[in-house]
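Single-letter residue listing:
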Amino acid sequence: MDVGTRITVTSPDQMRDLGRRLAKLLRPGDLVLLTGELGAGKTTLTRGLGEGLGVRGAVTSPTFVIARVHPSLGDGPPLVHVDAYRLNGGLDEMEDLDLDVSLPDSVVAVEWGEGKVEELAEDRLHVVIQRTVGSDMAVTDTMAADVDDVRDVVVTGVGTRWAGEDLASLAG
């Protein structure tokens, strides 16, 4: 059973705040797939997840290292932040990262993971971030888009883990 909600985000601060709210719903073993074009706000949302989970280290895009582990500063789960953009081998390449070992004890957030890591967990959260079509803002570069564009964020829980969660509460 899939359960989901749609949220409108109008700034990077709101995207981070959404990540902090989402972190309150997460527990060890949760897999979060983040989908959206470059500059959509996937890393910004993950930064909020890290803040909400209370993990160590600045959450930045793991593009060149593929995966970063952010240990908990308290008694919560660590955050494993993965960028699967350059991984073309799907789950085979992902298995080389030992995510299946990390998953039971961690929250694993995978950017660009759609179609690559779903097999890691029967229950998972899909977060799709899209720029709002028809925005009255003229965006001339990625930085302007990050600052000014409105985003539609659709959060969908897949599996029994998410059946009882009130994802509508994420709307703030």
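Above this text sits the structure in question.
Calculation rules
- Residues numbered from 1 in each chain as written.
- Predicted model: local features only at pLDDT ≥ 70, side-chain atom pairs only at ≥ 80, totals over all residues.
- Heavy atoms only, no water.
- Helix = DSSP H or I, 4+ residues; strand = E, 2+ residues; numbered from the N terminus.
- Buried < 20%, exposed > 50% of the residue type's maximum accessible area, 1.4 Å probe, protein only.
- Pairing = 2+ DSSP bridges.
- Salt bridge = Lys/Arg side-chain N within 4 Å of Asp/Glu carboxyl O.
- Core = buried A, V, L, I, M, F, W, Y, C linked by side-chain atoms within 4.5 Å.
- Contact = heavy atoms within 4.5 Å.
- Lys, Arg positive; Asp, Glu negative; His and termini not counted.
- Polar contact = N/O pair within 3.5 Å; in protein donor to acceptor, adjacent residues only side chain to side chain.

Draft legend 1. Main features of unusual backbone geometry. Of note, Trp112 is a non-glycine position whose phi angle comes to about 60 degrees, a positive value. Topologically, Trp112 is positioned in the loop between β5 (107–111) and β6 (124–131). A residue is classified by how much of its surface remains accessible, and Trp112, at 24% relative accessible area, is partly exposed.

Draft legend 2. Representation of the pairing of strand β4 (residues 79–83). In terms of residue burial, β4 counts as a mostly covered element, since five of its five residues are buried. Residues Leu79, His81 and Asp83 line one face of β4 and the alternating positions Val80 and Val82 line the opposite face, and both faces are buried. Alignment of strand β3 (residues 67–70) against β4, held across four bridges, turns out to be antiparallel. Looking across to β4, one finds that Val69 is bridged to Val80.

Draft legend 3. Structural context of the pattern of salt bridges. This model, assessed by the stated rule, comprises eight salt bridges. The salt bridge involving Asp17 is made with Arg20; its shortest N-O contact spans 3.7 Å. Of the two residues, Asp17 and Arg20 are both situated in helix α1 (residues 12–23); the distance of three residues between them amounts to about one turn of the helix. The class for Asp17 is partly exposed, based on a relative accessible area of 31%. Among the residues examined, Arg20 registers a relative accessible area of 29% and is labelled partly exposed.

Draft legend 4. Examining the nonpolar core more closely. Membership of the largest hydrophobic core comes to 27 residues, with the highest contact counts inside it found for Leu22, Val127 and Val153. Looking at this core, the elements that each hand over two or more residues are β1 (2–9), α1, β2 (31–35), α2 (42–53), β5, β6 and β7 (151–158). With four residues, α1 is the largest single contributor of residues to this core. Residues in contact with Val153, not counting those within four places in the same chain, are Thr5, Arg6, Ile7, Val9, Met15, Leu18, Val127, Val128 and Ile129. Val80, Val82, Ala84 and Val108 belong to the second largest nonpolar core, which has eleven residues in total.

Draft legend 5. Geometry of the environment of Leu103. Inspection of the secondary structure assignment puts Leu103 in the loop between α4 (99–102) and β5. With a relative accessible area of 8%, Leu103 lands in the buried category. Once the C-alpha coordinates of Leu103 and Leu31 are considered, the two residues, 72 residues apart in sequence, prove to be 7.3 Å apart. Beyond its immediate sequence surroundings of up to four residues, Leu103 is in contact with Pro28, Gly29, Asp30, Leu31, Val108, Leu120 and Ala121.

Draft legend 6. Structural detail: the side chain of Glu111. Checked against the element boundaries, Glu111 lands in strand β5. Within the buried set, Glu111 has no salt-bridge partner at all; the shortest N-O distance to an opposite charge, 4.7 Å, is to Lys42. There is a polar contact of 2.7 Å between the side chain of Glu111 and the side chain of Thr43. Dropping the residues within four chain positions of it, Glu111 is found in contact with Leu34, Lys42, Thr43, Thr46, Pro62, His81, Val82, Asp83, Ala84 and Tyr85.

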